[in-house]
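Spelled out from the first residue to the last, the chains are:
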Amino acid sequence: MQTDGPKTFSAALLAWYDVHHRALPWRVSPQDRAAGVAPDPYRVWLSEIMLQQTTVAVVKAYFEKFIRRWPDVSALAAAPEGEVLAAWAGLGYYARARNLHACAKTVSRLHDGRFPETAAALKALPGVGDYTSAAIAAIAFDEPAPVVDGNVERVVTRLEAIETALPRAKPQIRAKTAELTPPKRPGDFAQAMMDLGATICTPTRPACAICPVRPFCTAARRADPERFPVKEKKKAVPARRGAAFVARRGDGAVFLRRRPGTGMLGGMSEPPTTAWSAHADGATGAAAAPFPAAWAKTGEIEHGFTHFRLTLEVWTADLAGDPPVEGWWSTPADVAGEALPTVMRKVLKAAAGSGSSTGHPSHKTGNSEQEPFHDS
DNA sequence: TACCCGTGGCA
DNA sequence: TTGCCAAGGGT
């Protein structure tokens, strides 16, 4: 006869986590935690915001960069928003960065630089919702709050073979998670659930054979874990079209402007673009340019957003003077540090080295000044 | 409630 | 190529 495994779900999961937990830059290991090392709420919060809908692999480098540059919440609060957005560029969902900065200022001023210690109080902060408030409360402050992210939804719907489709199943999942969460080590438990979802209870081909909580799992017993979670079908994403206008100066600088502070890519930088029309015949072409110049179409880029696919014509012109619109010249040395979202970096790449107007992204050749200088 | 909001990797 | 998915939140 074999020895009995742990009697409770959380005991089985935590025993597994003690051995197989992932080592992550923002994480205190269960061993260190047991030895009395307290997580830094600032690091927990920063990592949780970055991890919203974003992969661990991508977040690591951004997290290290932010911590080096802004070691505590007051340092982050003191930074200009533009610098935070520039550091965030490429991570996506830029409202997160604006809310991150707003939250840092709130904590720094209203809370004297210390984060609230309950899920309820944390949830009042900008950018901190149901998931993040529970995660911070559990990990940083040992509150047994139910932490439900996409991993937990998958694990729990499989455990219980929940047939209700998401998002309607959320209340049931949350209730079951609350029931499973132990009064001791709630932070390790939450992180263990997420590690389990990320490494064992994966969306496809889950590794049930080595799962530490298989004895508790209904879906594994029925041999159909991949059916869960059941989700509503998503609508097809529409296409939009527009044009971007890259003005270049003799020294290679490009002309940028700042987008409106809210909405799509809010507060981020861009070369001037038209509105992005849902119609294929939307205003594009040189006539749609923000100011007259010898515009030449040098390419097109495509970019997938969450709710539409964008095709952007790329128009290029060389300018002698300053354009009659608000913005600034960004030299080749400065472009890397601009708050340019990925879609706009694609535009600049498509415009670079386009003096011969084929539109094919090719490396710079240094002969990009053959268009007549024009206008001002 | 349903929709808005980025990006990159992978089957 | 297309769709799905990743430690969701705001409105």
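Taking an unreviewed UniProt entry as the reference, chain A is identified by name as Adenine DNA glycosylase belonging to Jiella sonneratiae. Its UniProt record gives chain A a comment under Sequence similarities (unreviewed entry), which states: "Belongs to the Nth/MutY family." According to UniProt, the comment filed for chain A under the heading Catalytic activity (unreviewed entry) is "Hydrolyzes free adenine bases from 7,8-dihydro-8-oxoguanine:adenine mismatched double-stranded DNA, leaving an apurinic site."

I'd like a description of the overall build of chain A, backed by residues and values.
When helices and strands are counted, chain A shows 15 helices and six strands. Across chain A, contacts joining residues at least 24 apart in sequence account for 68% of those joining residues at least 6 apart. Just so you have it, chain A exposes about 18,400 Å², and 54% of that area is on carbon and sulfur atoms. Across chain A, 45 positive and 38 negative side-chain charges occur, with their mean positions spaced 5 Å apart.

I'd like to hear about helix H7 (residues 95-110), residue by residue, with values.
It helps to recall that an α-helix has 3.6 residues per turn; residues three or four apart then point in one direction. An ideal rise of 1.5 Å per residue puts 22 Å on 16 residues; H7 measures up with 21 Å between its terminal C-alpha atoms. Turning to H7, its buried residues number three or more, namely Arg-96, Ala-97, Arg-98, Leu-100, His-101, Cys-103, Ala-104 and Val-107. In this fold, the buried residues of H7 make contact with helix H3 (41-50), helix H4 (56-69), helix H5 (73-78) and helix H6 (81-88). Looking one or two residues past H7, Asp-112 carries a phi angle of roughly 60°, positive in sign.

Can you break down unusual backbone geometry residue by residue, with the values?
Of note, the bond from Leu-166 into Pro-167 is cis; its omega dihedral lies within 30 degrees of zero at 5°. Tracing the chain through its elements places Pro-167 in the loop between helix H10 (150-160) and helix H11 (170-180). Pro-229 follows Phe-228 through a cis peptide bond whose omega is 0°. Phi at Gln-53 is positive, roughly 60°, even though this residue is not glycine. Within the secondary structure layout, Gln-53 lies in the loop between H3 and H4. Here the phi dihedral of Asp-112 falls at roughly 60°; this positive angle occurs in a residue that is not glycine. In this structure, Asp-112 sits in the loop between H7 and helix H8 (119-122).

Hey, could you go over the environment of Val-59 for me, with residue numbers and the actual values?
Checked against the element boundaries, Val-59 lands in helix H4. Residue class for Val-59 comes out buried when judged on its relative accessible area of 0%. Linking Val-59 and Ile-49, residues 10 residues apart in sequence, is a C-alpha distance of 9.9 Å.

So what's going on with the side chain of His-21? Which residues, and what values?
With respect to the element layout, His-21 can be found in the loop between helix H1 (9-20) and helix H2 (30-34). Here the side chain of His-21 touches Gln-31 through a polar contact of 3.4 Å, side chain to side chain. Residues contacting His-21, with those up to four places away along its chain left out, are Trp-16, Arg-27, Ser-29, Pro-30, Gln-31 and Asp-195.

How would you sum up the protein's contact with DNA strand C? Please name residues and give values.
Lining the immediate environment of DNA strand C, one finds 25 residues, of which Glu-48, Thr-132, Asp-149, Asn-151 and Arg-154 sit closest. Considering DNA strand C, the proportion of its atoms within 4 Å of the protein that are sugar or phosphate atoms stands at 65%. Interatomic distance of 3.4 Å between a side-chain N/O atom of Arg-27 and a base nitrogen of DNA strand C. For the surface near DNA strand C, the elements supplying multiple residues, two or more each, are helix H9 (130-141) and H10. By residue class, the composition of the surface near DNA strand C is nine nonpolar, nine polar and seven charged.

Summarise the packing of H3 against H9; cite the residues concerned and give the values.
It is the contact of H3 with H9, at a shortest axis distance of 10 Å, that shows an interaxial angle of 150°. Overall, the two elements H3 and H9 adopt an arrangement that is roughly antiparallel. Every pair of crossing elements has a handedness; the one defined by H3 and H9 is right-handed. For the pair H3 and H9, the contacting residues are Pro-41, Val-44, Trp-45, Glu-48 and Ile-49 in the first and Tyr-131, Thr-132, Ala-135, Ile-136, Ile-139, Ala-140 and Phe-141 in the second. Residue composition of the contact of H3 with H9, by class: 10 nonpolar, one polar and one charged.

Rules of the game
- Residues numbered from 1 in each chain as written.
- Chains lettered and ligands numbered in written order.
- Predicted model: local features only at pLDDT ≥ 70, side-chain atom pairs only at ≥ 80, totals over all residues.
- Heavy atoms only, no water.
- UniProt positions renumbered as here; feature names shortened; annotations may be inferred.
- Helix = DSSP H or I, 4+ residues; strand = E, 2+ residues; numbered from the N terminus.
- Contact = heavy atoms within 4.5 Å.
- Areas by Shrake-Rupley, 256 points an atom, 1.4 Å probe, with all protein chains shown as cover.
- Lys, Arg positive; Asp, Glu negative; His and termini not counted.
- Charge placed at Lys NZ, Arg CZ, Asp CG, Glu CD.
- Expected span 1.5 Å × (residues − 1).
- Buried < 20%, exposed > 50% of the residue type's maximum accessible area, 1.4 Å probe, protein only.
- Polar contact = N/O pair within 3.5 Å; in protein donor to acceptor, adjacent residues only side chain to side chain.
- Near = heavy atom within 4 Å.
- Nonpolar A, V, L, I, M, F, W, Y, C, P; charged D, E, K, R; others polar.
- Axes fitted to C-alpha atoms, helices over the stretch in contact; angles between N-to-C directions.
- Parallel < 35°, antiparallel > 145°, perpendicular 65-115°, else oblique.
- Left-handed = near helix turned anticlockwise from the far one by under 90°.

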